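Here's the letter readout for the chains.
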Amino acid sequence: MANYLAQFQTIKNACDHLVIAVEDVSDLWPTVKNGFEERLPFKRACLNNKTRNPVFVEKLPAEFILTTDSRLRSRFPQEQLLFWFREPYATVVLVTCEDLDEFKTILKPRLKLIVQNDEREWFIVFVSRAHPSNDQATKMAKKVYAKLEVDFSSKKRERCCKLDIHGPEANFWEDLESKIMESIKNTLDRRVQFYEDEIRKLSEQRLMPIWNFCNFFILKESLAFMFEIAHLHEDSLREYDELELCYLETVNVAGKQRDFGGTDRGADQAALLNPGNKPLTQIVQDDSFREFEFRQYLFACQSKLLFKLNRPFEVASRGYSFVISFSKALALHESIFPFCMREVWVITACLALINATASHYNGLVSPDIEKEFYRLQGDLYSLCRVKFMRLAYLIGYGTDIERSPVNSASLSMLPWPKPAVWPSVPSDASSEVFVKEKMILQETARAKHFAIQRKPLPLEPSVLLREANRRRASLSAGNMFEVFEGRPSFIDGSGSDISSRVSPSPKVHGISMSRTNSSPMNFESSIDRPMRLAEIYVAAEHAMQHTISDPDLWKSLSSVKEFEQKYLELTKGAADNYHRSWWKRHGVVLDGEIAAVCFRNGNYDLAAKSYEKVCALYAGEGWQDLLAEVLPNLAECQKILNDQAGYLSSCVRLLSLDKGLFLTKERQAFQSEVVRLAHSEMKHPVPLDVSSLITFSGNPGPPLELCDGDPGTLSVTVWSGFPDDITLESLSLTLIATYNADEGVKALRCSSATILKPGRNTITLALPPQKPGSYVLGVLTGQIGHLRFRSHSFSKGGPADTDDLMSYEKPTRPILKVFKPRPLVDLAAAISSALLMNEPQWVGIIVRPVNYSLKGAVLHIDTGPGLKIKESHVIEMESYANVSQSTMDMANCNGAENNGTLAVSGEFKQLTLQDGRIELPEWASDMTSVLWVPIRAINDSLARGTSSVAPRRQSIVDGMRTIAMKLEFGVYHNQTFERTIAVHFTDPFHVSTRVADKCNDGTLLLQVILHSQVKATLTIYDAWLDLQDGFVHTRQGDGRPTSGFFPLVISPTSRAGILFSICLGKTIAEDEVKAQHPVHPDSILNIRYGIAGDRTIGAHTPMVVESTKPNGTTQDLIFRSALVLQRPVLDPCLAVGFLPLPSGDLRVGQLVTMKWRVERLKDFENEVSQNNDEVLYEVNANSENWMIAGRKRGHVSVSTKQGSRIVISILCVPLVAGYVRPPQLGLPNVDEANISCNPAGPHLVCVLPPALSSSFCIPA
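Quantities reported herein were computed from a predicted structural model and do not represent experimental measurements.

Here we take up the overall build of the protein chain. Helix and strand content of the protein chain: 28 helices and 53 strands. A buried classification covers 49% of the 1260 residues belonging to the protein chain. Relative to all contacts within the protein chain whose residues are 6 or more apart in sequence, the contacts with residues 24 or more apart total 77%.

Two elements in contact, helix H11 (residues 312-332) and helix H13 (residues 367-394), have axes whose closest approach is 9 Å; the angle formed by their N-to-C orientations is 35°. Considering the relative orientation of H11 and H13, their crossing is left-handed. Of H13, the residues touching H11 (which contributes Pro312, Phe313, Ala316, Ser317, Tyr320, Val323 and Ile324) are Ile369, Glu372, Phe373, Leu376, Gln377, Asp379, Leu380 and Leu383. The class makeup of the residues in the contact of H11 with H13 is eleven nonpolar, two polar and two charged.

Moving on, we come to a negative patch on the surface. A surface patch of negative charge is lined by Glu98, Asp99, Asp101 and Glu102. Look at Asp101 and you get exposed, because its relative accessible area is 51%.

The subject of this paragraph is the sheet that holds strand E18 (residues 759-767). With antiparallel pairing, three strands are arranged side by side in an open sheet as E11-E13-E18. Here the strands that pair on one side only, and so sit at the sheet edges, are strand E11 (694-698) and E18. Averaged over all pairs of adjacent strands, the angle between strand axes in this sheet comes to 30°, irrespective of strand direction. Alignment of strand E13 (residues 712-720) against E18, held across nine bridges, turns out to be antiparallel. Paired with Leu714 across the two strands is Leu765, which belongs to E18.

Tallying each qualifying case throughout the model produces 47 salt bridges. Among the ionic pairs, Arg290 bridges to Glu293, the shortest N-O distance being 3.3 Å. Across the pair, Glu293 and Arg290 agree in class, each one buried. For Glu314, the salt bridge goes to Arg311, with nearest N and O atoms at 2.8 Å. On the accessibility criterion, Glu314 (21% relative accessible area) is partly exposed. Through salt bridges with shared partners, a single ionic network connects Glu234, Asp241, Arg311, Glu314 and Arg318.

Here we come to the sheet that holds strand E33 (residues 960-969). Ordered in space as E23-E34-E33-E25-E29, the five strands form an open sheet in which the pairing is mixed. Every interior strand has two partners, whereas the edge strands, strand E23 (835-836) and strand E29 (917-919), have only one. In the sheet, E33 pairs with strand E34 (residues 975-986) via ten bridges, with the strands oriented antiparallel. Within E34, the residue paired with Met965 across the bridge is Arg979.

Throughout the structure, instances matching the rule amount to 45 aromatic pairs. When the ring of Phe172 is compared with that of Trp173, the centres are 4.9 Å apart and the planes differ by 70°; the resulting orientation is edge-to-face. Residue Trp173 is classed as buried on the basis of its relative accessible area of 18%. Measuring from centroid to centroid gives 5.1 Å for Phe217 and Phe289, while their planes differ by 70°, and the two rings are edge-to-face. Of this pair, Phe217 sits in helix H8 (residues 213-229) while Phe289 is found in strand E9 (residues 288-289), placing the two residues 72 residues apart along the sequence.

What follows is about the environment of Ser178. By the secondary structure assignment, Ser178 is in helix H7 (residues 172-204). You can call Ser178 partly exposed: its relative accessible area is 39%. With 132 residues separating them along the chain, Ser178 and Cys46 place their C-alpha atoms 9.5 Å apart.

On to the state of the cysteines. The final tally for this structure, using the stated rule, is zero disulfides. You can see Cys160 has no disulfide; the closest cysteine sulfur is in Cys161, sitting 7.6 Å from it.

Turning next to the packing of helix H5 (residues 100-114) against helix H6 (residues 135-152). Here H5 crosses H6 at 35°, and the two axes come no closer than 11 Å. The hand of the H5/H6 crossing is right-handed. On H6, the residues that touch Leu100, Phe103, Lys104, Lys108, Leu111 and Lys112 of H5 are Met140, Lys143, Val144, Lys147, Leu148, Asp151 and Phe152. Taken together, the residues of the contact of H5 with H6 sort by class into seven nonpolar, no polar and six charged.

Glancing now at the nonpolar core. Core analysis: the biggest nonpolar cluster contains 217 residues, and Phe36, Val125, Ile184, Phe213, Phe217 and Trp345 have the highest contact counts within it. What Ile184 contacts, discounting residues up to four positions off in sequence, is Leu18, Ile20, Leu47, Leu60, Tyr89 and Ala90. Of all hydrophobic cores here, the second largest spans 38 residues; its members include Leu835, Tyr852, Ile861 and Leu967.

It is worth spelling out the environment of Asn362 at this point. Take Asn362: it is sitting in the loop between helix H12 (341-360) and H13. A polar side-chain atom of Asn362 sits 3.2 Å from the main-chain amide nitrogen of Leu364.

This part covers the environment of Leu1010. Positionally, Leu1010 belongs in strand E36 (residues 1003-1012). The exposure class assigned to Leu1010 is buried, which follows from its relative accessible area of 0%. Between the C-alpha atoms of Leu1010 and His990, which are 20 residues apart in sequence, the distance is 5.8 Å.

As a general feature of sheets, a regular strand has side chains that alternate between the two faces. Burial analysis of E36 places eight of its ten residues in the buried class, the great majority of the element. Here nine bridges tie strand E35 (residues 989-998) to E36, and the two strands are oriented antiparallel to one another. Bridge pairing in E36 links Val995 to Leu1006. Once E35 ends, the chain turns through four residues before running back antiparallel as E36, passing Gly1002 with a positive phi of about 90°. Relative to strand E40 (residues 1055-1064), E36 runs antiparallel, the two sharing nine bridges.

Here six bridges tie strand E25 (residues 858-863) to E33, and the two strands are oriented antiparallel to one another. Paired with Val858 across the two strands is Glu968, which belongs to E33. Turn length for the E33-E34 hairpin, with the two strands adjacent in sequence and antiparallel, is five residues, and the turn residue Gly970 shows positive phi of about 100°.

Let us look at a nonpolar patch on the surface. On the surface, a cluster of nonpolar side chains totalling about 230 Å² of accessible area is made up of Met1187, Leu1215 and Val1216. Under the relative-accessibility criterion, Leu1215 is labelled partly exposed at 38%.

Now for helix H9 (residues 233-251). If you check H9, its first and last C-alpha atoms are 27 Å apart, about what 19 residues at 1.5 Å a residue would give, namely 27 Å. All of the buried residues in H9 are His233, Asp235, Ser236, Leu237, Glu239, Tyr240, Leu243, Glu244, Cys246, Tyr247, Thr250 and Val251. Its buried side turned inward, H9 meets helix H1 (5-14), H8, E9, helix H10 (291-308) and H11.

Once that is clear, we can look at unusual backbone geometry. Working note: non-glycine residues mostly have negative phi, and peptide bonds are mostly trans. The linkage connecting Leu40 with the following residue, Pro41, adopts the cis geometry, with an omega of -15°. By the element assignment, Pro41 lies in the loop between helix H2 (29-37) and strand E2 (42-48). A positive phi angle is found at Asp27, which is not glycine, with a value near 50°. Here Asp27 shows up in the loop between strand E1 (18-24) and H2. In the Ramachandran plot, Thr1053 falls in the positive-phi region, its phi being about 60° despite a non-glycine side chain. Judged by relative accessible area, Thr1053 falls into the exposed class, the value being 61%.

In the predicted model, the protein chain carries a mean pLDDT of 81, and 85% of its residues have values of at least 70. Taken element by element, the protein chain is modelled with least confidence in helix H18 (residues 506-517), mean pLDDT 36, and with most confidence in H12, mean pLDDT 95. Contacts of residues 882-905 to residues separated by more than four positions or lying in other chains number 36 contacts, the stretch itself having pLDDT below 50. Overall, residues 1166-1170 carries pLDDT values under 50, and its contacts beyond four positions in sequence, including any with other chains, amount to two contacts.

Thresholds, definitions, all that
Residues numbered from 1 in each chain as written. Predicted model: local features only at pLDDT ≥ 70, side-chain atom pairs only at ≥ 80, totals over all residues. Heavy atoms only, no water. Helix = DSSP H or I, 4+ residues; strand = E, 2+ residues; numbered from the N terminus. Buried < 20%, exposed > 50% of the residue type's maximum accessible area, 1.4 Å probe, protein only. Contact = heavy atoms within 4.5 Å. Axes fitted to C-alpha atoms, helices over the stretch in contact; angles between N-to-C directions. Left-handed = near helix turned anticlockwise from the far one by under 90°. Nonpolar A, V, L, I, M, F, W, Y, C, P; charged D, E, K, R; others polar. Patch = residues over 30% accessible without salt bridge, like charges linked within 9 Å, V, L, I, M, F, W, Y side chains within 5 Å. Areas by Shrake-Rupley, 256 points an atom, 1.4 Å probe, with all protein chains shown as cover. Salt bridge = Lys/Arg side-chain N within 4 Å of Asp/Glu carboxyl O. Lys, Arg positive; Asp, Glu negative; His and termini not counted. Charge placed at Lys NZ, Arg CZ, Asp CG, Glu CD. Pairing = 2+ DSSP bridges. Phe/Tyr/Trp six-rings, centres within 6.5 Å; stacked < 30°, edge-to-face > 60°. Disulfide = S-S within 2.5 Å. Core = buried A, V, L, I, M, F, W, Y, C linked by side-chain atoms within 4.5 Å. Polar contact = N/O pair within 3.5 Å; in protein donor to acceptor, adjacent residues only side chain to side chain. Expected span 1.5 Å × (residues − 1). pLDDT = per-residue confidence, 0-100.

Dropping the structure here:
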């Protein structure tokens, strides 16, 4: 079967579609050919895959071929069985007949002969030539077709269809396609089963010696190719995958030595996407194929199917894995390959995959697949780039490769090529060796900015000089000094390029040049001595020239300029694809490699932009070692571009890196650049962010706590990352409220210049009063020279013995808490009971601090009207303790109302009042104290007693006095507390009278009741009554009761009574009163008393009185009260009567006339007025209940004759409904004793609501 390999390859290349055989029995094909071929390719075909599941094919290509065609008739039976995939999948038999006898005798036997082959799928197409106008011919055609269906169709399957030349039916072509599809499906199923059986048989013989992989391959690929031409690409791909697995198992069988292949010219170019790159007959080896070519052939077939399935992503994914695995296989046979063929093959394979997948990619995939596709493209570019750099390094371009971390990591882990013998220098290459040697000696290392000294990163896994000479066949270890040409710098493993960074001695130069010049005459024996580095470069270049067959690849290695161009192309390709994938960081890193080339070529602007991306990535990831490699380059670009702001930022970032990454003098150079630019005139000054260099935090411990309105001092710890001291011309720090976004920020400024030392510093800032809330540190801003800087970095407080920068604090700890407004102090009256009126009394003021110091507090006292402070007397202050209540909520303190006593401790001090202010002593700053102020309440009016007929009406404001106080406290007296307290003053007694008894002789027993109004014990020593006109004492007494009543002791809030005996006396005319002696219109009760009380409770002995009597005796006090004694109404002069109201009901809003009758009963006694016929009247009414329409006050004339009468009428309007008090008529100028009310007016009258208005009524 393996002999048919060439023929199989030819058939496969020539056949790409299905074949449908046409058996033209009646020479009809020329007539119907166009109509049949117009149906190709078949639309929406339905076929069965390998698992017999239906698969829809959008466009199925096929070809109609006559059975008489040579392509179908020139085949041997064995070929037909082996290459069954190219045989027709359906047979269309074209017949026509116009006579029924002809059909029976001629056509039917012939058709029986044609369709007797059971392996073919056939059906008959009857072509009718009868014209529609010819009925007889049409009927005959129908009879013949009916007979044809009876003979060749069955119930299971319809095998006949009719085509009318002159007017085909609409469903004929659909019927034709369905029959063709049915035939193709059945044929395909049968052939798939055949191939599967044959493959299964061969698979069972795999472990037998007679097994041949070529036979298995032909059957397996025949099946795969049959699926491919049927457009069942998934099944075809699956067959190729199984074929690959089977081959790998076969090729790895131990004990069989096989030729790997790959030694032909042009094998360095990968053939991953070209299945026809080399005929299969040229790679056959015994019973199998050479691995190098065959594995690439299988991958090419797979990729072709994947492209047809529109899956370039999978081609890239499989391709990258294949390149990696196949590269490992090449490494096992590297000794048989030309020099560096493995690297060259990987480069060409990656480029071929990149170009092919990019051209087939249309972007119609999900976002995840799209990003993964670009990631694979980036991986292919990166792999190609690394291999390309390895080739360039081998031919001496190592100095043009940036010794960056990514290049060092890639190349230092990439092994050297491992040929059987390292290539030697051609005999005619002396000039090239001289040029290379000169290039090596002229290499100069580019000095880094800031004079940074750093060991270059290696670009080689081991020393190339040692590796090359070790692989020379006849060279032993030899003299290592001779191998390294006396250059000690090679031994450190940093590569050959390091020799250029060390200034060699003239002797070394001389030796090197003499050997180079003498090389040409001794090249034939050069293998007996070690090769120099220049010779290695030249030998590698000549060997690669023979290896590389791709002219474009060799051109990219022909010069440094071409290499750099290709290097940039590969690096940009990798970076661009990584940027569009998940691995954006890889793209940024490769941007740094592009920046290095741009920097070397003087394109500083583009280099700076790329370096900024790389630095941002390294800083974000915290890769400080890598950042230290790139950041100096960015700073150098910015300095060249005169980007002062960027250069400053880069210097600050360099200072912010770990101290161990740079020497102290290098860090000092960074700082000197910052200071130099800060003190220079910058064209465009911008605030500099030093968050990574200067950090700050509050001191350890709880936050500073202040009350609302209090200033303070805030201590902040600042860490400086500068290596030396640095002077800050200004420094400010902002506070941010954590719970109030509308509050904004508060800036705290340092008043003087600040010098920051390296490490930890403590600065103190004045803190003005802040609003309530919790505050955290915001932004640290300041100025260095002309440069403004800011820092947003917060640090944690570290151990006291360390000056290192602390880690960032999350979340930020509050540094200041300002409490909401609360009572910081309370001022209240010490007592709530009444004090004595018109007597000097101690008024106690309780000063209670609420968790706040009152040190240096000043109290301003301002008395209200009716109060006077005894300034001549000292003010006392003592500590205060509340015995009755252990704790008291000061927020709800309402004036210290309690009934307990005041406990006095040992703290006591006498103070003086100066301009209404008192300075509190220091001991009272943190404890509750009471201030005793001598105050006298002044009331010039005389106390008046009441009678049992007219009881006392006491008002809450009677005797109330106010004291306004203002307390200034706090460190700067910024806190103020104002309060006005009310102090109750009262007379010691309230006097009420009643007539206890009336004797037959007209003597009246007047009982005077004394009510104690103070919380003190009152002692009455004497009492006398000065009577008003009309009353006299009996027996011409002095108005004093029996002396045995005294002293009379009255307990607090109790009562006592005194009896006086009086009688009615003759009234004295007014003129006589004035002529004799003044007499009060009221009776006066005089009481001499004493008081025993405690100032901590209420009323007490006046302090002036205490000081006048020696030995603790007190001076008696005098209390006077006016008593109203009325004579009985025995003989009235006028009678006032209320006349009845109208018969109608009173209603709100209706006018009503109120009438009173005034009648003169007799003349007034002792009347001296000339106009006694004029009487003044006054109507009193509640304005809320009544509206008076007439005059409320006026005079009426009443005749002086006895019995004269007059009626006073007033119009009124009731305002409210209900029982209300009617208006009252009064005579102000007539004493009540001379007026008799007859008939008396009603106390209440009924007022009805207003009548309903008919205009608002709605009829039902």
